[in-house]
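# Notes for the structure review
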Amino acid sequence: VPPVSAAPAGTAFLAGDLLEHYSTEPACKHLKPYVPIIQNSPVYPVVLDTNDTVLSLPPIINGDHSKITLDTKNVFIECTATDLTKANIVLDTMVTMFSEYCATPFSVEPVEVNFVDTEGTVTKSYVTPVMAVRKERAPVKLVNSLIGINITAERMVELCNKIQLGPACVVNEGTELEVSVPPTRSDILHAVDICEDVGIAYGYNNIVKRVPKTCTVGGEQPLNHLGDLLREEIGRAGYIEVLTHGLCSTRDNFTALRTPVNLAHAVTLSNPANVEYQVVRTTLLPGLLKTLQHNKGTSFTSGFKLFEISDVVVQDSEYVMTETIVGCKNIRRLCATYAGPTSGFEIIHGLVDRIMTLCEVAPEPEYVANSGKGDEEKFRVSREGWFYTIQALDENDAKARTYFPGRAAQVFLSKPSTGGLGNRVSIGTFGILHPEVLQNFDIQYPSSSVELNLEALL
């Protein structure tokens, strides 16, 4: 195909040079977003008249030669899109709107579109605009149920004829409503769209409000309620809540935390959009550390406290949801970090004790004796049979690599469902973060963190 010349502002260009002009010229910045659509194509679409004068270079620009004026009598409507179905929808809509003002109202002259091969042979052709009218159905019971009314099928037919869905009729022995969808109603895709239009024609203000026949009492899920209560208390302790992405890179989730890459434990994406969305997080810590990383301009003089209460996802071949094994499960966790002039281990340790106090979990007697607490423990409000203790984190534990050696602890919980005092289960860890972890996230201050499983505290 030979190059096509066009003349913006009286200057002649070859087609390739013209697109480069539209991409770089400041005066043409409103056209720049459309240039990439055809810029790398071996051929460019051009609309010519019988004298080979350029009328349009779709989808970039129309020519001055064919500009519409107040004296124009014949209008040629050309619609350009990267999707043929959408192009036909837009064309039908434009033609039906313009046809109202024709010399013969609501008339249109069709155009035959021919597809030709390199030898000029017509391989396919069709007539535009399509102006298709189709039939759609909706059950009468569904219409009444969704809207909350009780009208006859004949009344529905009257309403559909009012809102451009006619002629409508009742079929299948009066159980279904059949409507005619004109070219102007491309928004009608499903039976619920018919229900919506019937509701609009009926009038929302005419729908009588009724008390539901079911007797139910709504309320928060216990886990969500616990999380909301803890958010308020941790916020009062000076921590700022953040909400981070549920997806992260394999590096952030494992390597940057100095833990072994265990993709058998994490849910991975088969076709991630980019490297930042490779796995569903199995820990909340990377999100908080990246928040610290992107707020290096903030003053750390008095310490920078962050926390998040959210879900992590781990693989679980036995977890059942609605009688179906889904292969993974969500776990609600709490994670908090402190970064400042000092490591803040004692601050994070204090937060752990505060959370346990709020959850009405008492410390084990040995832990109380070691902490130097006195008679105040007699007045602690706690659930019967619920105890916690803190012990040094085993250096052979995979999580220990995230923390500074000898500066990490593990939180153990005993409760009636685990067998009572002495039958402990681990619900989380806390400690001073390893310098390599801080370096991986470009954090310049010593930091400590804690991560707890909130579901175990219910």
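Above this text is the structure in question.
Residues numbered from 1 in each chain as written. Predicted model: local features only at pLDDT ≥ 70, side-chain atom pairs only at ≥ 80, totals over all residues. Heavy atoms only, no water.

### Let's talk about the overall build of the chain
- Secondary structure assignment for the chain yields eleven helices and 22 strands.
- The C-alpha atoms of the chain give 34 Å as radius of gyration, which overshoots the globular expectation for 458 residues (23 Å, by more than 25%).
- The principal-axis extents of the C-alpha atoms in the chain amount to approximately 100 × 65 × 40 Å.
- Across the 458 residues that make up the chain, the buried fraction comes to 37%. (Helix = DSSP H or I, 4+ residues; strand = E, 2+ residues; numbered from the N terminus. Rg over C-alpha atoms; globule rule 2.2 N^0.38 Å. Buried < 20%, exposed > 50% of the residue type's maximum accessible area, 1.4 Å probe, protein only.)

### Looking at the packing of helix H6 (residues 222-236) against helix H9 (residues 345-358)
- Here H6 crosses H9 at 140°, and the two axes come no closer than 11 Å. Relative to H9, the element H6 lies oblique. Considering only the axes of H6 and H9, their crossing is right-handed. Residues Leu 230, Glu 233 and Ile 234 of H6 pack against Leu 351, Arg 354, Ile 355 and Leu 358 of H9.
- For the contact of H6 with H9, the per-class residue count stands at five nonpolar, no polar and two charged. (Axes fitted to C-alpha atoms, helices over the stretch in contact; angles between N-to-C directions. Parallel < 35°, antiparallel > 145°, perpendicular 65-115°, else oblique. Left-handed = near helix turned anticlockwise from the far one by under 90°. Contact = heavy atoms within 4.5 Å. Nonpolar A, V, L, I, M, F, W, Y, C, P; charged D, E, K, R; others polar.)

### A closer look at the packing of aromatic side chains
- Applying the stated criterion across every chain yields a total of five aromatic pairs.
- Ring centres of Phe 115 and Tyr 126 lie 6.2 Å apart, and the angle between their planes is 20°; this geometry places the pair in the stacked category. Pair noted here: Phe 115 is in strand E6 (residues 111-116) and Tyr 126 is in strand E7 (residues 122-128), with a separation of eleven residues, a long-range link.
- Phe 115 sits in the partly exposed class, given a relative accessible area of 35%.
- Ring centres 5.5 Å apart and planes at 65° place the aromatic pair Tyr 367 and Tyr 388 in the edge-to-face group. On the criterion of sequence distance, the pair formed by Tyr 367 in helix H10 (residues 365-371) and Tyr 388 in strand E19 (residues 387-392) is long-range, its members being 21 residues apart. The same class applies to Tyr 367 as to Tyr 388, namely buried. (Phe/Tyr/Trp six-rings, centres within 6.5 Å; stacked < 30°, edge-to-face > 60°.)

### So, the nonpolar core
- With 31 residues, the main nonpolar core has Leu 230, Ile 355 and Leu 457 as its most contacted residues.
- Elements supplying a minimum of two residues to this core: H6, strand E14 (304-315), strand E17 (328-339), H9, E19, strand E20 (403-414), strand E21 (425-433) and strand E22 (447-453).
- Tallying contributions element by element places H9 first for this core, with five residues.
- Those residues in contact with Leu 230 that sit more than four places away from it in its chain are Ile 309, Leu 334, Ile 355, Leu 358, Cys 359 and Leu 454.
- The next biggest cluster of nonpolar side chains, apart from the first, holds 25 residues, and it includes Phe 304, Val 312, Val 314 and Ala 400. (Core = buried A, V, L, I, M, F, W, Y, C linked by side-chain atoms within 4.5 Å.)

### Concerning H9
- Under the 1.5 Å per step criterion, the end-to-end length of H9 is 20 Å for 14 residues, consistent within 8% with the ideal 20 Å.
- Along H9, the positions that sit buried rather than exposed are Ile 348, Leu 351, Val 352, Asp 353, Ile 355 and Met 356.
- Glu 360 sits one or two residues past H9 and shows a positive phi near 60°. (Expected span 1.5 Å × (residues − 1).)

### Examining the pairing of E17
- Counting buried residues in E17 gives nine out of twelve residues, a clear majority hidden from the surface.
- In this sheet, E17 lies alongside E14 in antiparallel orientation, the contact comprising twelve bridges. Counterpart to Phe 304 in the pairing with E17 is Ala 339.
- Bridging between E17 and E22 involves seven bridges; their strand directions are antiparallel. The residue of E22 that forms the bridge with Leu 334 is Leu 452. (Pairing = 2+ DSSP bridges.)

### Things to note about the packing of helix H3 (residues 140-147) against helix H5 (residues 191-202)
- As a packed pair, H3 and H5 sit with axes 9 Å apart at the nearest point and diverge in direction by 60°. In terms of axis orientation, H3 runs oblique to H5. Between H3 and H5 lies a crossing of right-handed hand. Contacts between H3 and H5 involve Leu 142, Val 143, Leu 146 and Ile 147 on the former and, on the latter, Ala 191, Val 192, Cys 195, Val 198 and Gly 199.
- When its residues are assigned to classes, the contact of H3 with H5 shows eight nonpolar, one polar and no charged.

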